[in-house]
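# Per-entry structural report
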Amino acid sequence: MFQPDSECLPEAQLRALQLQRLQAMLERQWAQVPAYRARFEAAGVTPGDLRRLEDLRHFPFTRKSDLRDHYPLGLCAAPRASLRRIHASSGTSGKPTVVAYDDHDLNIFAEVVARSLYAAGARPGMTFHNAYGYGLFTGGLGTHAGAERLGLCTVPVSGGATERQLDLLLDLQPDVIACTPSYALVLAEGLARRGVRPGDLQLRYAVLGAEPWAEKTRQAVQERLHVQATNIYGLSEIIGPGVSNEDVREQSGSYIWEDHFYPEIVHPDTGEVLPDGEWGVLVLSSMTRSALPLLRYWTGDITRLLPGDNTTGRSVRRMAAIQGRSDDLIILRGVNVYPTQLEAVLLRLGQISPHYHVTLTRTGLLDDLTLQLECDVPSAALRDEVQRQVKAQVGVTIRCELCAPGTLPRSEGGKLRRVTDLRGER
Ligand code: DLL
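Report on the accompanying structure. Nothing here was measured: the structure is a model prediction, and the numbers come from that model.

### Concerning the packing of aromatic side chains
Using the criterion set out here, one finds 6 aromatic pairs in the structure. A ring pair is formed by Tyr 36 and Phe 40, whose centres lie 5.8 Å apart and whose planes are at 45°; its orientation type is tilted. Separated by 4 residues within a single helix, Tyr 36 and Phe 40 lie in helix 2 (residues 34–43), roughly one turn from each other. Assessed through its relative accessible area of 0%, Phe 40 is described here as buried. Seen from their ring centres, Phe 61 and Trp 298 are 5.1 Å apart, and the 85° between their planes marks the pair as edge-to-face. Of the two residues, Phe 61 sits in the loop between helix 2 and helix 3 (64–69) while Trp 298 sits in strand 12 (residues 297–303), which places them 237 residues apart along the sequence. Sitting above the plane of the Tyr 118 ring, Arg 123 keeps its charged end 3.7 Å from the centroid. The ring centre of Tyr 255 lies 4.9 Å from the NZ or CZ of Arg 314, which sits over that ring.

### Structural notes on the site of the ligand
Around the ligand lies a shell of 22 residues, among which Asn 231, Ile 232, Ser 236, Asp 301 and Lys 415 are the nearest. Between the ligand and Pro 212, the relevant distance is 3.5 Å, taken from a nitrogen atom to a main-chain nitrogen or oxygen of the residue. In the environment of the ligand, an oxygen atom lies 3.1 Å from a nitrogen or oxygen atom belonging to the side chain of Arg 325. Isolated, the ligand exposes 600 Å² of accessible area, and the fraction of that covered by the protein chains is 94%.

The rules behind each value
Residues numbered from 1 in each chain as written. Predicted model: local features only at pLDDT ≥ 70, side-chain atom pairs only at ≥ 80, totals over all residues. Heavy atoms only, no water. Phe/Tyr/Trp six-rings, centres within 6.5 Å; stacked < 30°, edge-to-face > 60°. Helix = DSSP H or I, 4+ residues; strand = E, 2+ residues; numbered from the N terminus. Buried < 20%, exposed > 50% of the residue type's maximum accessible area, 1.4 Å probe, protein only. Lys NZ or Arg CZ within 6 Å of the ring centre and 35° of its normal. Near = heavy atom within 4 Å. Polar contact = N/O pair within 3.5 Å; in protein donor to acceptor, adjacent residues only side chain to side chain. Areas by Shrake-Rupley, 256 points an atom, 1.4 Å probe, with all protein chains shown as cover.

Following this line, the structure appears as structure tokens:
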């Protein structure tokens with residue numbers, strides 16, 4: 001039930017199911033969402049024009065700005081009285097994006113999270129420490145419902161209050177923890193401070209997501225919390241957490257629950273659909289959502305699609321770890337840099353803790369990147385080595401500042417902002 005047949009269908013059957021579900025979604029949008037009907041008419045398409053999956057590329061994208069333009073619930077396809085829950089995304093500027101769910105959607109949400117947690121190693125009867133924030137953020141409540149669906153005993157800790165989290169980890173001895181990767185490191189630090197050794201806890205699995213993280217962070221979390229860590233991906237516009245998850249036996253790319261979410265990878269500038277295997281922006285259609293079905297939603301997340309894998313029996317495709325967002329891409333003197341690339345360099349330089357912060361400034365016409373990071377024994381040699389390695393591996397010249405342990409901002413359980421941009425408008 002938690003690895004249903006729909007994850008393992010022969011490809012032709014899966015594609016036929018997707019086509020049928022996309023056609024039904026287009027019909028609903030046409031009939032029930034005037035804003036979508038207007039968009040289709042402007043693009044010169046009707047639902048009947050989707051005869052093959054390849055035809056999808058002729059239909060318009062939905063962007064975050066569309067949700068803002070129709071704030072709060074203008075893209076909803078269900079009557080207000082049938083809605084059962086509202087979430088909102090953090091929104092870095094202006095109004096938040098509001099998303100709505102009816103009973104049918106909440107049921108799908110619980111199912112895809114249950115499937116994600118199952119892929120992550122969780123099994124009915126285990127105890128689950130849920131440190132994603134509860135509230136308007138989809139992380140807490142979304143993961144909670146899926147954990148209950150799977151049959152886990154859920155501890156709804158939410159984010160923050162680290163000392164209490166540590167008490168609960170020690171007292172309740174959960175098997176599974178879910179939180180952001182940066183917060184997993186904060187918890188590991190707290191446990192080490194209390195003299196708890198990795199392995200003293202019962203913890204076995206960590207389900208980490210909501211922010212980009214590097215492969216080396218996985219190793220750090222695995223060692224320090226003595227767990228196997230998998231990547232959970234999702235976004236509130238599409239559903240919340242549970243669009244995809246890695247299988248704990250492989251830890252190499254997250255299986256997309258393609259029976260509900262249709263993925264495409266497109267070129268970030270032209271929107272042209274790219275073949276599987278190529279890097280680009282992930283675009284998702286939430287085929288089975290009834291209250292808020294979104295067509296070709298432009299996630300802004302940079303990834304690529306990988307084939308399913310025979311060893312787990314799943315035929316649905318996987319997505320590579322998110323490299324960054326097309327909009328948090330740092331362009332430094334013409335070079336594209338994602339914060340995760342810097343993180344990977346730091347983690348490769350073993351003796352440095354994975355806590356870092358990036359500040360962008362401008363002197364005259366030139367942009368500068370200062371990378372602050374924590375280390376136990378600051379030295380000019382280490383600082384120079386970081387600068388050299390970033391130049392060699394990422395291709396940009398940066399300034400490195402070493403700080404004492406515990407001085408840089410920590411995750412409070414939510415998403416950690418790694419970059420402060422002080423460059424202003426050009
Ligand atoms: O972050 C949903 C979520 C909660 C996912 C808990 C995983 C775990 P939003 O607040 O709408 O929803 O933010 C969505 O966060 O477009 C990505 O840029 C980023 N993101 C989410 N998961 C990952 C991940 C939730 N595993 C935005 N790796 C997305 C990298 C991620 N980035």
